[in-house]
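# Inside the fold
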2 protein chains.
Amino acid sequence: MPLVAALDSVDGLRAILGLFEGVCTGAADGYGRMAEKPALTLLHLGPGFANGIANLHNARRARSPIVNVIGDHATWHVGADAPLTSDIVSLARPVSGWIRSVQKSTSLAGATAEAIAAAGRAPGQVATLIVPSDCQWDSAERYAEPIAPARPSMVRSDAVKHAAESIRKGNRVALFLGGTALRARGLKAAARIAAKSECHLICETFPARLERGAGMPALDRLPYFPEQAIEMLQGFDTVILAGAKKPVAFFGYPNFPSELLPKHLEAAILAEPTDDVAAALEALAIEIAAPVSVSNSAGISRPERPIGKLNAMTAGAAIAATMPEGAIVMDEAATTGLPFFAASIAAPPHTYLSLTGGAIGQGLPCATGAAVACPYRRVIAYQADGSAMYTLQALWTQARESLNVTTVLCNNRSYRILQVELARAGVAEPGRKARSLTSLANPGLEWTALANGMGVPAARVETAEELTRELERSFATPGPSLIEMIL
Amino acid sequence: MPLVAALDSVDGLRAILGLFEGVCTGAADGYGRMAEKPALTLLHLGPGFANGIANLHNARRARSPIVNVIGDHATWHVGADAPLTSDIVSLARPVSGWIRSVQKSTSLAGATAEAIAAAGRAPGQVATLIVPSDCQWDSAERYAEPIAPARPSMVRSDAVKHAAESIRKGNRVALFLGGTALRARGLKAAARIAAKSECHLICETFPARLERGAGMPALDRLPYFPEQAIEMLQGFDTVILAGAKKPVAFFGYPNFPSELLPKHLEAAILAEPTDDVAAALEALAIEIAAPVSVSNSAGISRPERPIGKLNAMTAGAAIAATMPEGAIVMDEAATTGLPFFAASIAAPPHTYLSLTGGAIGQGLPCATGAAVACPYRRVIAYQADGSAMYTLQALWTQARESLNVTTVLCNNRSYRILQVELARAGVAEPGRKARSLTSLANPGLEWTALANGMGVPAARVETAEELTRELERSFATPGPSLIEMIL
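As the structure is a computational prediction, the values presented were derived from the model and not from experiment. (Residues numbered from 1 in each chain as written. Chains lettered and ligands numbered in written order. Predicted model: local features only at pLDDT ≥ 70, side-chain atom pairs only at ≥ 80, totals over all residues. Heavy atoms only, no water.)

### Here we look at the overall build of chain A
Using the following cut-off: In DSSP terms, a helix is any run of H or I states spanning at least four residues, a strand is any run of E spanning at least two, and both are numbered starting from the N terminus. Only the C-alpha atoms count toward the radius of gyration. The rule for a globule is 2.2 Å times the residue count to the power 0.38. Buried means the residue's accessible area, taken with a 1.4 Å probe over protein chains only, is under 20% of the maximum for its type, while exposed means over 50%, and partly exposed covers the values in between. Here, residues are in contact when the closest pair of their heavy atoms is within 4.5 Å. In these tables, accessible area is a Shrake-Rupley quantity obtained with a 1.4 Å probe, and a residue counts as shielded only by the protein chains included in the view. Under this rule, positive means Lys or Arg and negative means Asp or Glu; His and the chain ends count for nothing. Where a charge lies is defined by one atom per residue type: Lys uses NZ, Arg uses CZ, Asp uses CG and Glu uses CD.
Scanning chain A for helices and strands turns up 20 helices and 16 strands. Computed over its C-alpha atoms, the radius of gyration of chain A comes to 23 Å, within 12% of the 23 Å expected for a compact globule of 487 residues. Considered along the principal axes of its C-alpha atoms, chain A spans approximately 65 × 60 × 45 Å. Considering chain A as a whole, with its 487 residues, one finds that 61% of them fall into the buried category. In chain A, of all internal contacts separated by at least 6 residues, the share reaching a separation of at least 24 is 80%. Total accessible area computed for chain A in this model is approximately 18,200 Å², and 54% of it derives from carbon and sulfur atoms. Between the mean site of the 43 positive side-chain charges and the mean site of the 44 negative ones, chain A shows a separation of 3 Å.

Okay, here's the thing in structure tokens:
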């Protein structure tokens, strides 16, 4: 409470309320990805923090900068084991790159500066600061100076030379791009490398942030299922890793390995995710005497406006056909989302955000935070229904803050991905209970009612034409709206 | 997936889908409190478990029996650090009394039997079993025999004699009742003790489950704020603890102690929460030669049906005036809830459940689980709006399972308790940001729309007469409904 009250005593801090902590942490992730500086979450003891863990898990995988401030019991009250007491450090450790528990009000200012610096350690991490209430209400004595965050590790010239060697050998080479390699500067360097060497550009399956569309190099995206990923990688002799770890299977399946790189293949690490990946790519471009710049003259090419039945193909085409330049697409559309990615390859330049940690319920919050970071860009939350239900409270924050978010809600009344995984596990005919646990029908969710209940205007569409019309209406209207697609 | 598919191969397991893990764990808590045997939650890796932690925190404080089964990556896949990998044990430890990570399919059956026994260790605890996917799809070889859970600790005769001595001394004695002391058998024994000795009966502030109404002894409830609690306890020389820990303040405040028992007061432990508390109370009744039974001849006495303006008083009176015998009242009405407790003291016999761990978002899920456990009783979820937003997905499960839950939603468009705590922290005039962070207005939540969107019929009421009418309509109608009270 002293901390909440104190927010009004300083300028430059914007206070945004989420009605569930998972909304706050997911929004901080979206903000961090777009603003490239940390948002601060303010959470209440262990259980309040716990509600934010799933989206902090995603943020950790995205390497987003976030500062969590967790209000805790007074230092002298913790031992009393009052109802809200719990082991906050044990809860925080799995998702935090940095944790500190303040014990005196006089160390709070310095610890906060350290937390902000830790969150900003390139490319970003989750920093968690536990602040007992007496450290809030006692005097802090003094302010602390800001601390510069650690810069990314330098480019290693031996790694650059080694990668250049692989390329020069004339082998079949893939450049596997992840993390900050997928932002504009890294991609421009990657395009130069590809222009000189014809090495193949592949991006990781779930990029935290990918700049794409007309003018950006075309990337192949590593497929989700291991058999497809292995097939794609089979065609190379060398994979150069730039900002990505060696790819592994999302889940372990019987008779498939964890590691997706075939055994014959040589993996060369150009840059770790915490390195200055763009600089390493630029160094590699110079090392192989790549052209100074590559102009992609193809220009904008959108798909035709789709007509007829709504499905994953027509929905993806409708978004790609209508989305404004500079859009930010948060893709948590799960099984429905894939065709959009292909359809939008030459759409106007846009940013693509994905579910990095597999913890569903990220899309609506992350879109919310991205819209806070970029108030003059349109955010499109392309969203599966099952995942949306996890953190639907985000819609209220979008309404309160008048954020420019268009939620495109895929209502297929099922956890379709679980039905796919059931089939992969050899269950051809699931029984009554298994069907019931993967179905969102009976009763069906009425997303227009849910959105309206939280102050977000909503429309329900059943054809591709209706979707296109509602998308254009939403893109032209300031503030949030939700379009419920009946699939 | 193998586990989900296997549910259809056995009878006697009911599969209930929650659309957010906090719904599942809160429902398991409500089920455990009412059925006095564990429900099983099925959760997905660390992030899925994390979404359930807040309500498991409440369940831990309630000492509810619960078995969590967490599906994890295959044992050979954990090391690959795939996106969903995290330190599940670190997340689970703060809320689990028992944890085990299975490493072989052949030990799964035995470990499951142990988990069920651990959950049932009197009076109950949270047992967490982590099951890698290969331990699900590999052969289990054999079934395991059920294991009898540990019984509560025996009555300690020295503790009984010591408590009897305190009572006989003629001091001002309070019997502080918690945990299983508040179920029918313990309360009957407490009433006998009070009849013989005129010692005062006090119940803990947030009982997991309290049997009350006509025929049950009248208890004073220890107040929430420390100054009021200390004032109540000041009047006694001795407090006999039966199933309750020494009371401590919910939060630490400047100039108030953590411990609420005044220093002059002697605390005698009759029975710890894990003891057989009812047996200890019965032994004490015998020791002091209390009457064999006490008849409470006062009978049912309900308040008048309130008229006029809706507020905490009239709402509490309306529920007490109309609720059916055998109702289960889950009280997460926060600042609005208190008057109901006094109004219903001689209402028809009913069960009262409260928020044990302070982690808000318990009410709707816990009511859901209680209704599963007791299909022939009406469950009343008396619910604050801010808390309800945490786990509103529970309404969908109530609709799907046609559960007899009446949600009475207190829409005061604020986190009123935070506004109270701000005032207690000395913030007389909160600034713009602090007001914004404690307000649920702008936009207001439309709870009838939210309920309808999840398949639950809903009505909005603005007077006490309307509330009474809608309560009676709901109590007479099978299945769930929601009544939104505009306060």
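There is more to say after this.
### Overview of the sheet that holds strand 13 (residues 379–384) of chain B
Residue and element names in this part refer to chain B. In plain terms, the rule: Strand pairing requires that DSSP identify at least two bridges connecting the strands. A fitted line through C-alpha atoms represents every axis, and for helices the fit uses only the stretch in contact; the resulting angles, taken between N-to-C directions, go from 0 to 180 degrees.
An order of 7-12-11-13-14-16-15 is seen for the 7 strands of this open sheet, with the pairing classed as mixed. Strands at the two margins of the open sheet, each flanked by one partner only, are strand 7 (210–212) and strand 15 (458–461). Between one strand axis and the next, the sheet turns by 20° as a mean value, whatever way the strands run. Contacting strand 13, strand 14 (405–411) and strand 16 (481–486), helix 12 (residues 312–322) crosses the sheet at an angle of about 170° to strand 13.

### Digging into the relation of the copies chain A and chain B
Applied cut-off: The atoms used to superpose the copies are C-alpha atoms, taken from residues with pLDDT of at least 70 in both, and the fit is least squares.
When chain A is brought onto chain B, the operation consists of a screw motion whose angular component is 180° and whose axial shift is 0.0 Å, with 0.0 Å RMSD remaining. Interpreted geometrically, this transformation is the action of a two-fold axis. Interface residue correspondence from chain A to chain B reaches 100%, placing this contact among same-surface, isologous pairings.

### Describing the interface of chain A and chain B
Our working rule: Joining two parts hides part of their accessible area as seen by a 1.4 Å probe, and the buried area is that hidden amount summed over both. Throughout this description, the term salt bridge denotes a Lys or Arg side-chain nitrogen within 4 Å of a carboxyl oxygen of Asp or Glu. Two N or O atoms form a polar contact when they lie within 3.5 Å of each other; inside protein one atom must be a possible hydrogen donor and the other a possible acceptor, and for residues adjacent in sequence the pair counts only when both atoms belong to side chains.
The interface of chain A with chain B comprises 87 residues on the first partner and 87 residues on the second. For the pair chain A and chain B, the summed buried area comes to about 7,300 Å², and 65% of that belongs to carbon and sulfur atoms. The three residues of chain A that bury the most area against chain B are A:Met1, A:Pro83 and A:Lys433, which together make up 9% of that side's buried surface. Where chain A meets chain B, there are 2 salt bridges. For the pair chain A and chain B, the interface holds 47 residue pairs in polar contact (both at pLDDT 80 or more).

### Considering the confidence of the model for chain A
Stated precisely, the cut-off is as follows: pLDDT is defined as a per-residue confidence score from the predictor, taking values between 0 and 100.
Scored by pLDDT, chain A comes out at a mean of 96, with 100% of its residues at no less than 70. As a predicted assembly, this complex carries a pTM of 0.98 together with an ipTM value of 0.97.

### Remarks on the packing of aromatic side chains
Threshold: Pairing of aromatic rings covers Phe, Tyr and Trp, the last through its six-membered ring, and needs centres within 6.5 Å; plane angles under 30 degrees mean stacked, over 60 mean edge-to-face, and all others mean tilted. Cation placement over rings: the criterion is NZ of Lys or CZ of Arg within 6 Å of the ring centroid and within 35° of the ring normal.
Under the defined criterion, the tally for this structure stands at 17 aromatic pairs over all chains. Pairing A:Phe250 with A:Phe251 gives two aromatic rings, centres 5.0 Å apart and planes at 85°, and the pair type is edge-to-face. The residues A:Phe250 and A:Phe251 share a single accessibility class, namely buried. Seen in terms of ring centroids, B:Phe341 and B:Tyr352 are 4.9 Å apart; in terms of plane orientation they differ by 70°. Their pairing is edge-to-face. Highlighted residues: B:Phe341 in helix 13 (residues 338–343) and B:Tyr352 in strand 12 (residues 350–354), separated in sequence by 11 residues. In this structure, B:Phe341 and B:Tyr352 share a single accessibility class: buried. Ring pairing ties together the aromatic residues A:Phe206, A:Tyr224, A:Phe225, A:Phe250 and A:Phe251, which thus form one cluster. Between A:Arg212 and the ring centre of A:Phe341, over which it is positioned, the NZ or CZ distance is 3.7 Å. Stacked on the ring of B:Phe341, the Lys or Arg B:Arg221 has its end atom at 4.5 Å from the ring centre.

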